[in-house]
Amino acid sequence: MLLPTCQYEWYGYPPSNFKCSELVPEGVPQCTFHDKNYLKDDNYEKHKEEVARRFREKLKEYSSNNMPLQFIGYCLPEISLEREQLTELLYFNSATFYGTVNFSHATFSEEAYFIGTTFFKGTHFNDATFSKGANFFEAKFLGEAHFSGATFSGVAAFQLVKFSRVYFRAAIFSEYGLFASAEFFKIADLELYSTKKHTFLEPNSPGRKIHPLLKLNFLEMLSLLKRNSTKKHTLVELHFQIELIFQEYS
Ligand SMILES: [Zn+2]
């Protein structure tokens, strides 16, 4: 008898829509990746290894068939993809990571989408290479988020992202870094380098006087933040909303 498939569907852009094709037992509406209770509370310890293993299998299945890596809406435990070469389009839209996520030194050859993704624990993108766009629109980082040493060759979109503690030490942006309405709640350790010169503009308030700070380029802004910081090192404690768009000097 043919087993039914998981009922999870996602509509949005990109990739326009997604229908989970995982097989499920008769009468079970969603697969273990999409069942929100499968890793909740006491279930976490019980199921984390099984879900992590099945996630690796899914990644292998997609990769070996040169298919887009679609993990849309997945609920995932602690995952390590350290030094992984991710050569296909990658979607973690609306996914939830309940454990630590490690993408340190990983390479994303195609666009990587983390739209609306929730990271409950520490997130490590240290020295990761995003060769095309990196889209974290509306993502939530509830634990520490490490992007130190990361390289963004395409547009890096962090609009409406909520950061708790975030580290962008020596991160390199060679295209636009978009941080409009991103919120920094605890610590933002920013040391952003750009291979282009950027200005800071407020996108949603035409005619509004631009704060002098917003006219500075990345490094000038950084040194100002450092000077104003009460700490000895580069940590800057911030709790404010920024509305900045980094735009290339004409
Ligand atoms: Zn599913």
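S.K.: What should I look at first to understand the overall build of the protein in this one?
M.R.: Assigned secondary structure in the protein consists of 2 helices and 25 strands. Burial statistics for the protein: of 250 residues in total, 34% are counted as buried.

S.K.: How should I be thinking about helix 1 (residues 43-64) in this particular structure?
M.R.: Residues lying three or four places apart along an α-helix face the same way, a consequence of the helix completing one turn every 3.6 residues. For helix 1, built from 22 residues, the straight-helix expectation of 32 Å at 1.5 Å per residue is met to within 8% by its first-to-last C-alpha distance of 31 Å. Directly beyond the C-terminal end of helix 1, a positive phi value near 50° is found at asparagine 66.

S.K.: Please clarify how the environment of tyrosine 113 should be interpreted in this entry.
M.R.: Note on placement: tyrosine 113 falls in strand 11 (residues 112-113). As a C-alpha pair, tyrosine 113 and phenylalanine 136 span 23 residues in sequence and 6.4 Å in three-dimensional space. Among all residues touching tyrosine 113, those that are not within four sequence positions of it are Pro14, Leu90, Tyr91, Phe92, Asn93 and Asn135.

S.K.: How should I be thinking about the pairing of strand 16 (residues 140-146) in this particular structure?
M.R.: One face of the sheet, then the other: side chains in a regular strand alternate in exactly this way. Direction of pairing for strand 12 (residues 118-119) relative to strand 16: parallel, over a ladder of 2 bridges. Across the sheet, threonine 118 pairs through a bridge with lysine 140, a residue of strand 16. Summarising the sheet, strand 13 (residues 123-124) and strand 16 pair through 2 bridges and their orientation is parallel. Within strand 16, the position partnered with histidine 124 by the bridge is histidine 146. Sheet analysis places strand 16 next to strand 19 (residues 162-173), joined by 5 bridges and oriented parallel. Looking at the pairing, lysine 140 lines up with lysine 162 of strand 19.

S.K.: Just to check I follow, could you spell out the nonpolar core for this structure?
M.R.: When a protein is soluble and globular, its nonpolar side chains tend to lie buried together. Formed by 54 residues in total, the largest nonpolar core has its most connected members in Leu76, Leu90, Phe108, Phe130, Ala134, Ala156 and Phe158. When contributions to this core are tallied by element, the ones reaching two or more residues are strand 4 (75-76), strand 7 (90-91), strand 11, strand 16, strand 18 (156-157) and strand 19. Apart from the residues within four sequence positions on either side, alanine 156 is in contact with Phe130, Ala134, Phe173, Gly177 and Leu178.

S.K.: What exactly am I supposed to notice about the environment of leucine 89 here?
M.R.: Note that leucine 89 resides in the loop between strand 6 (85-86) and strand 7. Sequence separation between leucine 89 and phenylalanine 108 is 19 residues, and the spatial gap between their C-alpha atoms is 8.2 Å. Setting aside its immediate chain neighbours within four residues, leucine 89 contacts Pro68, Leu69, Glu110 and Glu111.

S.K.: What exactly am I supposed to notice about the environment of histidine 105 here?
M.R.: Secondary-structure assignment places histidine 105 in the loop between strand 9 (101-102) and strand 10 (107-108). Looking at histidine 105, the number of C-beta atoms within 10 Å reads 17, which means it is partly exposed. Taking the C-alpha atoms as reference points, histidine 105 and glutamate 82, 23 residues apart in sequence, are found 6.0 Å from one another. When near neighbours in sequence (up to four residues on either side) are disregarded, histidine 105 contacts Glu82, Arg83, Asp127 and Ala128.

S.K.: How do you make sense of the pairing of strand 1 (residues 9-12) when you look at a structure like this?
M.R.: The pairing of strand 1 with strand 2 (residues 16-19) spans 4 bridges and is antiparallel. Note that in strand 2 the partner of glutamate 9 across the bridge is lysine 19. Connecting strand 1 to the next strand, strand 2, in antiparallel fashion are 3 residues.

S.K.: Please clarify how unusual backbone geometry should be interpreted in this entry.
M.R.: The phi torsion of most residues other than glycine is negative, and most of the peptide bonds are trans. Positive phi, normally seen in glycine, also occurs at glutamate 138, with a value near 60°. Checked against the element boundaries, glutamate 138 lands in the loop between strand 15 (134-135) and strand 16. Look at glutamate 138 and you get buried, because 20 C-beta atoms sit within 10 Å. One non-glycine residue, leucine 160, lies in positive phi territory at about 60°. Within the element layout of this structure, leucine 160 appears in the loop between strand 18 and strand 19.

Quick notes on the rules
Here, residues in each chain are numbered from 1, in the same order as that chain's written sequence. The predicted origin of the model limits local features to residues at a pLDDT of at least 70 and limits the giving and counting of side-chain atom pairs to 80 or more, whereas totals for whole chains, interfaces and linings rest on all residues. Only runs of H or I of at least four residues qualify as helices and only runs of E of at least two qualify as strands under DSSP, and these elements are numbered from the N terminus. Buried, partly exposed and exposed are defined by the number of other C-beta atoms within 10 Å of a residue's own C-beta, namely 20 or more, between the two limits, and 12 or fewer respectively, with C-beta atoms placed from the backbone. A helix is expected to span 1.5 Å for every residue after the first. Contacts here follow a simple rule: the backbone-placed C-beta atoms of the two residues must lie within 7 Å. Each pair of strands is called paired provided DSSP finds at least two bridges between the two strands. What makes a nonpolar core is a set of buried Ala, Val, Leu, Ile, Met, Phe, Trp, Tyr and Cys residues, with links drawn between C-beta atoms within 7 Å.

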